[in-house]
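# Breakdown of the fold
Here's the letter readout for the chains.
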Amino acid sequence: MSLLLRAIVAAGDAGAAADLGLRSVSGTRAAGLASAWDTGRAAGEAELLDHHRVVQAVFERVPCLPARFGSVFGDEEALRARLALREADLAAQLIRLGHRCELAITCAWREPDAPTRATIAPARTGRAYLERGLTQMRGERARERRAEAIVAHLLSELAIEPACIQHRICPRPAVAVSMSALVTRDAIDELRKCVARLGAQLPDVTTVMQGPWAPYTFAVSE
Amino acid sequence: MAGVPLRRDVVTEQAATLDVPLVELVDRLLNRGVVLTGEVTISVAGVDLIYLGLSVVLSGVDTIRQHGVDI
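Residue positions are given per chain, counted from 1 along the sequence in the order it is written. Written order determines the labels here, with chains lettered from A and ligands numbered from 1. With pLDDT at 70 or above as the cut-off, local features in this predicted model cover only qualifying residues; side-chain atom pairs require 80 or more to be listed or tallied, and sums for whole chains, interfaces and linings still use all residues.

## A word on the overall build of chain B
- Along chain B, the regular secondary structure elements total 6 helices and 2 strands.
- A run of DSSP states H or I qualifies as a helix once it reaches four residues; a run of E qualifies as a strand once it reaches two. Both are numbered from the N-terminal end. Reading chain B from its N end, one meets helices and strands in the order α-α-α-β-β-α-α-α.
- Distance between backbone-placed C-beta atoms decides contact: two residues are in contact if it is within 7 Å. For chain B, restricting intrachain contacts to residue pairs at least 6 apart in sequence, the fraction spanning at least 24 positions comes to 58%.

## Examining the overall build of chain A
- For chain A, the count of helices and strands is 4 helices and 9 strands.
- Reading chain A from its N end, one meets helices and strands in the order β-β-β-α-β-β-α-β-α-β-β-α-β.
- Viewed in the frame of its principal axes, chain A has a C-alpha envelope of about 65 × 45 × 30 Å.
- Burial in this document is a count-based property: other C-beta atoms within 10 Å of a residue's C-beta are tallied, and the residue is buried at 20 or more, exposed at 12 or fewer, or partly exposed in between, with C-beta positions derived from the backbone. Per-residue burial over chain A gives 36% buried out of 222 residues.
- Partitioning the intrachain contacts of chain A with sequence separation of at least 6 by distance along the chain shows that 74% fall at a separation of at least 24.

## What to know about the pairing of strand β6 (residues 100-109) of chain A
All names here are of chain A.
- Counting buried residues in β6 gives 7 out of 10 residues, a clear majority hidden from the surface.
- Two strands qualify as a pair provided DSSP detects at least 2 bridges between them. Across 7 bridges, the pairing between β6 and strand β9 (residues 205-213) is antiparallel. Each bridged residue has a counterpart across the sheet, and for Ala104 the counterpart in β9 is Gln210.

## Some remarks on the sheet that holds strand β8 (residues 175-184) of chain A
Residues and elements named next belong to chain A.
- As summarised here, the arrangement of the 4 strands in space is β7-β8-β6-β9, forming an open sheet in which the pairing is antiparallel. Edge positions in the sheet fall to β7 (165-172) and β9, since each of these pairs with one other strand and no more. Put simply, the sheet's adjacent strands are angled 20° from each other on average, direction ignored.
- Relative to β8, β6 runs antiparallel, the two sharing 9 bridges. Counted as the bridge partner of Cys107 is Val177 from β8.
- Strands in contact with helix α3 (residues 126-157) are β6, β7, β8 and β9; relative to β7, the strand with the most contacts, it is inclined by about 160°. Axes here refer to lines fitted to C-alpha atoms; in helices the fit is confined to the stretch in contact. Angles between the N-to-C directions go from 0 to 180 degrees.

## Things to note about unusual backbone geometry
Residue and element names in this part refer to chain A.
- Look at the link from Gly211 to Pro212: it is a cis peptide, with omega at 5°.
- Non-glycine residue Cys170 carries a positive phi angle of around 45°.
- With respect to the helices and strands, Cys170 occurs in strand β7.

## Description of the nonpolar core
- Residues of type Ala, Val, Leu, Ile, Met, Phe, Trp, Tyr and Cys that are buried and joined through C-beta atoms within 7 Å form what is called a nonpolar core. Ranked by size, the top nonpolar core spans 54 residues in total, and within it Ala7, Ile8, Val9, Val58 and Leu65 of chain A carry the most contacts.
- An automatic or database domain assignment provides the domain bounds reported here. Each of domain 1 (2-97) and domain 2 (100-213) of chain A contributes no fewer than three residues to this core.
- Aside from chain neighbours lying at most four places away, what touches Val9 of chain A is Ala14, Ala31, Leu33, Val58, Val62, Pro63 and Cys64 of chain A.
- One finds Ala43, Leu48 and Phe69 of chain A together with Val26 of chain B within the second-largest nonpolar core, a separate group that totals 7 residues.

## Some points on the domain arrangement of chain A
- By the assigned domains, chain A splits into domain 1 (2-97) and domain 2 (100-213).
- On a C-alpha basis, the centres of domain 1 of chain A and domain 2 of chain A stand 32 Å from each other.

## Section: the confidence of the model for chain A
- Residue-level confidence of the predictor is what pLDDT reports, using numbers from 0 through 100. Confidence along chain A averages 89 in pLDDT terms, with 94% of residues attaining 70 or more.
- Ranking the elements of chain A by mean pLDDT puts strand β5 (residues 72-73) of chain A last, at 84, and strand β4 (residues 64-66) of chain A first, at 96.

## Some thoughts on the confidence of the model for chain B
Residues and elements named next belong to chain B.
- This prediction gives chain B a mean pLDDT of 53; 24% of its residues lie at or above 70.
- Throughout residues 8-18 the model reports pLDDT below 50, and contacts reaching past four residues in sequence, or to other chains, amount to 20 contacts.
- Here residues 44-71 scores under 50 on pLDDT; set against residues more than four positions off or in separate chains, the count is 51 contacts.
- This complex was scored by the predictor with a pTM of 0.79 and an ipTM of 0.84.

## Considerations on the packing of helix α1 (residues 45-61) of chain A against helix α3 (residues 20-31) of chain B
- Following both chains from N to C, one finds α1 of chain A and α3 of chain B inclined at 80°, their axes separated by 10 Å at the closest point. The pairing of α1 of chain A with α3 of chain B is recorded here as roughly perpendicular in orientation. Facing α1 of chain A, whose interface residues are Leu48, His51 and His52 of chain A, α3 of chain B presents Leu25, Val26 and Leu29 of chain B.
- The nonpolar class holds Ala, Val, Leu, Ile, Met, Phe, Trp, Tyr, Cys and Pro. Asp, Glu, Lys and Arg form the charged class, and all remaining residues, Gly among them, are polar. Broken down by class, the residue content of the contact of α1 of chain A with α3 of chain B amounts to 4 nonpolar, 2 polar and no charged. In what follows, roughly perpendicular refers to angles from 65 to 115 degrees, roughly parallel to angles under 35, roughly antiparallel to angles over 145, and oblique to any angle outside these ranges.

Next up, the structure:
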């Protein structure tokens, strides 16, 4: 039976999630928590969300680094060998991130985006084709500029140090801003209020805050 | 270390209709977090997501096809 890695915890915390039915593979400073996994099993939405539930359950018990979904090891020795290569780095990340959580702040456009090139009827002339493309490009640039302005507004109002916040503008057609904030648990309520207040000031987007989650965005791989 | 094949429904029909908050979570589950090997091992139709990119996956079937993945 293979193992699907769920999270990394400090070696001293390896047994803290035993009631979750996870297998722990310990090194000297860090341990991997994993579930049994049938090799070749296909994953879908249910498995993705189950991964999140397991990671959150670990995160509620002990500081952890969430594993990206999909890392399967042939056996405990394979996982232990990989863990050993990164142990110092993982232990340092656990100290830096383990007691903090991630909040996701998403600003979604209230109005649907302009039709894409794939969904509009073919232009009858070359000129019409080019004009349509130009109009669409201008619309996309306008949205990017607006998204950048939203980010600037949020960053100026949110009292979070730059190293603890990451963002992307227009990552998908429906989304203006996707932001991740790394905060301590005692800062969550205040940030939630602040995001709600700022969201009310932005008439063209719906602002949603999710979390607290394990620090997916801030756990680095290299 | 092996990869987990991702069922087609995640990257096509459902991805096009998932609500924004769920997509934000799925983005993090698939695209963030610690990777011990330094590479993403989930594959879609035999193509590793490290090459495909989650944003491409979530943008729907038409975009995926434009990137040469036969689904």
